[in-house]
There are 2 protein chains.
Amino acid sequence: MDGAAVDGAAVDGAATGGAVDPQLLIARAYLSRVSEPACIPVWDLVRRCGPVAAAAAIRDGAVDRDVAAATQARRDSVDPIADLEAAERYGIELVVPESERWPHFAFAALERTGLARAARYRDGDRTHSESGELMPPLALWARGGLDLASLGVRSAGIVGSRAATAYGEHVTAELGYGLATRDVTVVSGGAYGIDAAAHRAALAAGGPTVLVSAGGLDRPYPPGNAALFERVAESGLLLSESPPGCAPQRRRFLTRNRLIAALSTGTVVVEAAARSGAMNTAKHCVGLGRPLMAVPGPVTSPMSSGCHTLLGRDVAPAILVSTSDDVLGVVGGIGEGARPVPDNDPKLAAGDLRVDLDQLDSTARRVFEGLLVRRFARPDEIAARSGVSPLEVIRALPTLDLAGLIETSDAGYRVAARRRPG
Amino acid sequence: MDGAAVDGAAVDGAATGGAVDPQLLIARAYLSRVSEPACIPVWDLVRRCGPVAAAAAIRDGAVDRDVAAATQARRDSVDPIADLEAAERYGIELVVPESERWPHFAFAALERTGLARAARYRDGDRTHSESGELMPPLALWARGGLDLASLGVRSAGIVGSRAATAYGEHVTAELGYGLATRDVTVVSGGAYGIDAAAHRAALAAGGPTVLVSAGGLDRPYPPGNAALFERVAESGLLLSESPPGCAPQRRRFLTRNRLIAALSTGTVVVEAAARSGAMNTAKHCVGLGRPLMAVPGPVTSPMSSGCHTLLGRDVAPAILVSTSDDVLGVVGGIGEGARPVPDNDPKLAAGDLRVDLDQLDSTARRVFEGLLVRRFARPDEIAARSGVSPLEVIRALPTLDLAGLIETSDAGYRVAARRRPG
């Protein structure tokens, strides 16, 4: 069975209500380890055939050459049921795109980029085929009760150097505490230095925080932050793209960084040396069209030089932030500092993914009808206007976006130009 | 005699060679004290009638109501010969626009703004009539041998808080020393804190520095910096718009700030509280179309908050600089960071000030012929191409600019669009 043979097959095992079909979970668990992180051909195969058929095809070797090359090393050895059982022992759940918990809203930009890259790949463009960094994850391993689905509406990535200075940790604590008290979810990577200071400040404020780890959630990394991981799991959320048991390898840090950027309305770099993981996260943030912020510091401090580079750029410079109010002005959609988000892939909007209104389900139609024509509205306002819950709005928006029916900016959503009367 | 009666009179007492007619010096000395700083109607009267006739008219009260109002308090009491004698005792010279020492190049933007404001004033617009801040000076009192005429080609204003922190003084010393060793003239105001650190660093490097004082040069202010004033006079240049004996009053600080901005290719704010004189200098820098730079610092330091405000602006944000190399990239015309300078008054370029090539003197014609049509060239290159000295180029450029014959950017000068072939 090659890619073409399974093309057009119905998506199998759709979620029914709150629960997800166990076969689908097992398939996603298999995919999560056999191709980690998802490369373009595997991701595209799953998109076209659905996870159950894709997993079966990979296991049987009935796939095209690209998918085979990406999966042959592990296709026989992965034991998804063992992974799911191990996860359960650690209180870890597998969250899949078919689940109500999946962060469709936060991942919309990642999905859009992924679709565009898959289309280019099918057209023979192999530019990005080596690095799977920007493809959406096939599944997420999660521990903790924090609402994952609405992440990205009001969340701030706070990232920076492991070798932070006292200044950097102080500023991070001020930002993290100030944002968490105003119900902005603080997203970071659980590393020493800035990351840990950000999580701790959010916890101290009794506010929401999400820790995206580079390895399996049963293996907190760095081990010295194991207690912090526990505290985040109790009131916030631990997330990883890697199944239990995976060691935090270098490539996992890089792919993890894109998830921090994707799950955040905007990301703040507090301290970063010229070459650091935080600069990589900053690159993802800009690539996803999200507002990037940076905290200035002494020009005599190498730990601030990366921030100054980001602030001094001629093209897409970071927004200078000094206080949590400044960050709130960007990620909270109020006050100054909000900038329009560039459309990531205009080509795609004109492509083959458009559907018409009558192809939408009734909730999506109601959400569309709740949009304003000219002014951008935020999900809360759209919910009130359309009479559906904010969570339903957040779930419907990516569909409307992919269908080319809406326009997005930092200020929210409105009807796309081509759908406007006159 | 009213304004109209002297309109069109020939400019009297033009400089002959190196020396300036004593009557003209006396007239400028009189004007320098009778209307300090120059207000629009007085400046315009001098421009139209020349300084000797303007001074005589003011002394005789034969002027229009606006000029009379601006000068009546002092017109009988000013003793220009006593001022010039007092200046001589202190080694202070009066430099006038008719002299070869006048910084025509640096003041070109100030002249352009002044002409535009005078034109609006004549049309009845009184918006800026109260504040004379932006009119070009009628004369400068100077002490020291540094070349004043070519200031602005490669000079950097370095300004900041009097209550500087150790961080601010450290960074200033690095910037001032690095720039002065590369022959960039360091321009500042002689105040405590950042200003003094900038002058001292330039002196330590054995490089050029210009101190623009708010009071008479016989009265160093603050008195604690008297030794610094002496050292600047020995190897650099002290400048003031105020005649000897004038106390440094608040309004003189504000008008002084525009001269720092005007004499600098670009200005760096190192540390500044939210409301400070350095922020006023920054405003002048932007108003003159010059590149404004700012040094970031800890967001926890109130002394850096003004810099962060300048860096964070949506419109015309300051360029972030960390090192003297960064500043050199802006004011030295090399490397990155150079930005096009907006034209200050497009209306004026289309106005009545244009002359044609055959109205130019032979040097200006040669300079014009040495310009490139498309690419911006710097004065040194234009000098080499046109076969005249760099100083002659610098003197000719304001004339060509006012005549609408050239275009200006950070990268230099080129033939104006309307004069290009095709």
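Residues numbered from 1 in each chain as written. Chains lettered and ligands numbered in written order. Predicted model: local features only at pLDDT ≥ 70, side-chain atom pairs only at ≥ 80, totals over all residues. Heavy atoms only, no water.

**Concerning the overall build of chain A**
For chain A, the count of helices and strands is 18 helices and eleven strands. Split into buried and exposed, the 422 residues of chain A put 56% on the buried side. Working note: accessible area of chain A is about 16,800 Å², and carbon and sulfur atoms make up 51% of it. (Helix = DSSP H or I, 4+ residues; strand = E, 2+ residues; numbered from the N terminus. Buried < 20%, exposed > 50% of the residue type's maximum accessible area, 1.4 Å probe, protein only. Areas by Shrake-Rupley, 256 points an atom, 1.4 Å probe, with all protein chains shown as cover.)

**With respect to the environment of B:L115**
One can find B:L115 in helix α7 (residues 104-122). Put simply, B:L115 and B:I40 are 75 residues apart on the chain and 9.3 Å apart in space, counted from C-alpha to C-alpha.

**Focus: the sheet that holds strand β1 (residues 93-95) of chain A**
All names here are of chain A. Strand order in the open sheet made by the nine strands is β1-β2-β6-β5-β4-β3-β7-β8-β9, with mixed pairing throughout. Edge positions in the open sheet fall to β1 and β9 (319-320), since each of these has one partner strand only. Note: strand β8 (residues 292-294) against β9, two bridges, orientation parallel. When the sheet's bridge partners are listed, A294 is paired in β9 with L320. (Pairing = 2+ DSSP bridges.)

**Re the pairing of strand β6 (residues 237-240) of chain A**
Residue and element names in this part refer to chain A. Here β6 shows no split at all, with L237 and L239 on one side and L238 and S240 on the other all buried. Bridge analysis of strand β2 (residues 140-143) against β6 gives three bridges, and the strand direction is antiparallel. From the neighbouring strand, W141 faces β6, where its bridge partner is S240. Alignment of strand β5 (residues 209-213) against β6, held across four bridges, turns out to be parallel. Along β6, the bridge assignment pairs V210 with L237. Considered for its hand, the β-α-β crossover made up of β5, helix α10 (residues 226-235) and β6 is right-handed. (Right-handed = clockwise from strand over helix to strand, strands pointing away.)

**Digging into the side chain of A:S240**
Residues and elements named next belong to chain A. On the secondary structure map, S240 appears in strand β6. Within the structure, S240 has its side chain in polar contact with the backbone oxygen of G215 (distance 2.8 Å). For S240, the side chain forms a polar contact with the main-chain nitrogen of S242, separated by 2.9 Å. (Polar contact = N/O pair within 3.5 Å; in protein donor to acceptor, adjacent residues only side chain to side chain.)

**Points about the nonpolar core**
With 72 residues, the main nonpolar core has A:F107, A:V269, B:F107 and B:V269 as its most contacted residues. Apart from residues no more than four positions distant in its own chain, B:F107 is found in contact with B:W102, B:P137, B:L140, B:L259, B:A262 and B:L263. (Core = buried A, V, L, I, M, F, W, Y, C linked by side-chain atoms within 4.5 Å. Contact = heavy atoms within 4.5 Å.)

**Concerning the packing of helix α11 (residues 250-262) of chain A against helix α12 (residues 277-287) of chain A**
Residue and element names in this part refer to chain A. Where α11 contacts α12, the axes come no closer than 8 Å and their chain directions differ by 50 degrees. In terms of orientation, α11 and α12 fall into the oblique class. The way α11 lies across α12 gives a crossing that is right-handed. For the pair α11 and α12, the contacting residues are L254, N257, R258, I260 and A261 in the first and G277, N280, T281, H284 and C285 in the second. (Axes fitted to C-alpha atoms, helices over the stretch in contact; angles between N-to-C directions. Parallel < 35°, antiparallel > 145°, perpendicular 65-115°, else oblique. Left-handed = near helix turned anticlockwise from the far one by under 90°.)

**Topic: the sheet that holds strand β5 (residues 209-213) of chain B**
All names here are of chain B. In spatial order, the strands read β1-β2-β6-β5-β4-β3-β7-β8-β9; together these nine strands make up an open sheet with mixed pairing. Each of the sheet's edge strands pairs with one partner strand only, and the pair in question is β1 (93-95) and β9 (319-320). The sheet contact formed by β1 and strand β2 (residues 140-143) spans three bridges and is antiparallel. The residue bridging E93 from the neighbouring strand is A142, located in β2. Sheet strands in contact with helix α11 (residues 250-262) are β2, β3 (155-159), β4 (185-188), β5 and β7 (266-269), and its direction is about 160 degrees off that of β5.

**Re the relation of the copies chain B and chain A**
When chain B is fitted to chain A, the residual RMSD is 0.1 Å, and the transformation amounts to a turn of 179 degrees plus an axial shift of 0.1 Å. Taken together, the turn and the small shift mark the pair as related by a two-fold rotation axis. Residues of chain B ranked by C-alpha distance from the rotation axis are headed by B:G297, positioned 2.3 Å from it. In this assembly the copies share their binding face: 100% of the residues contributing to the interface of chain B also contribute to that of chain A. (Least-squares fit on C-alpha atoms with pLDDT ≥ 70 in both.)

**What to know about unusual backbone geometry**
All names here are of chain A. Note the cis peptide between Y221 and P222, where omega equals 0 degrees. Among the structural elements, P222 can be located in the loop between β5 and α10. For D183, which is not glycine, the phi dihedral falls at a positive 65 degrees. Along the polypeptide, D183 turns up in the loop between α8 (166-181) and β4 (185-188). Assessed through its relative accessible area of 52%, D183 is described here as exposed.

**Some thoughts on the interface of chain B and chain A**
Contact residues are listed per partner, giving 17 residues for chain B and 17 residues for chain A. The largest contributions to the chain B side of the interface with chain A come from B:Y167, B:V299 and B:L320, which together make up 37% of the buried area. Counting the contacts that link chain B with chain A gives zero salt bridges. On inspection of chain B and its partner chain A, the count reaches two residue pairs in polar contact (both at pLDDT 80 or more). Contributions of two or more residues to the side of chain B that touches chain A are made by α8 (166-181) and α13 (302-312) of chain B. A class-by-class count of the residues in the side of chain B that touches chain A yields nine nonpolar, six polar and two charged. (Buried area = accessible area lost by both parts, 1.4 Å probe. Salt bridge = Lys/Arg side-chain N within 4 Å of Asp/Glu carboxyl O. Nonpolar A, V, L, I, M, F, W, Y, C, P; charged D, E, K, R; others polar.)

**Some remarks on the environment of A:R47**
Residues and elements named next belong to chain A. Here R47 lies in helix α3 (residues 40-49). The contact partners of R47, leaving out residues within four places of it in the chain, are L115 and R122. Within the local environment of R47, its side chain forms a polar contact with the side chain of D44, the two groups lying 3.2 Å apart.

**Focus: the packing of helix α9 (residues 194-204) of chain B against helix α10 (residues 226-235) of chain B**
Pairs of packed helices are described in terms of their axes, by the angle between the two and the distance that separates them. All names here are of chain B. Interhelical geometry of α9 versus α10 gives an angle of 40 degrees and a closest axis separation of 11 Å. Accordingly, the angle class assigned to the pair α9 and α10 is oblique. In this structure, the crossing between α9 and α10 has a hand that is left-handed. Every residue of α10 that contacts α9 at A196, H199, R200 and L203 is listed here: L228, R231, V232 and S235. Looking at the contact of α9 with α10 residue by residue, the classes come out as four nonpolar, two polar and two charged.

**Regarding helix α6 (residues 80-89) of chain A**
Residues and elements named next belong to chain A. Among the residues making up α6, those that are buried are P80, D83, L84, A86 and A87. The buried residues of α6 occupy an angular sector of 160 degrees when the element is viewed end-on, so they sit on one face. Exposed positions of α6 whose direction lies more than 90 degrees from the buried face are E88 and R89. Packed against the buried residues of α6 are α2 (22-34), α4 (51-60), β1 and β2. Directly after α6, the chain includes G91, whose backbone phi takes a positive value near 75 degrees. (Arc of directions from axis to C-beta.)

**Description of the packing of aromatic side chains**
Aromatic rings in a pair are described by how distant their centres are and how their planes are angled relative to each other. Inspection of the entire model under this criterion finds six aromatic pairs over all chains. Here the aromatic rings of B:W102 and B:F107 are separated by 5.4 Å at their centres, their planes lie at 70 degrees, and the arrangement is edge-to-face. Of the residues examined, B:W102 reaches a relative accessible area of 1% and is grouped as buried. Cation over ring: A:R59 sits above A:Y30, and NZ or CZ is 4.5 Å from the ring centre. (Phe/Tyr/Trp six-rings, centres within 6.5 Å; stacked < 30°, edge-to-face > 60°. Lys NZ or Arg CZ within 6 Å of the ring centre and 35° of its normal.)

**Digging into the pattern of salt bridges**
All names here are of chain A. Going through the model one piece at a time under the given rule, you end up with 24 salt bridges over all chains. A salt bridge links R28 to E98; its shortest N-O distance comes to 2.6 Å. Remark: E98 occurs in the loop between β1 and α7 (104-122) and R28 occurs in helix α2; sequence separation between them is 70 residues. One salt-bridge network, held together by shared partners, links D44, R47, R48 and R122.

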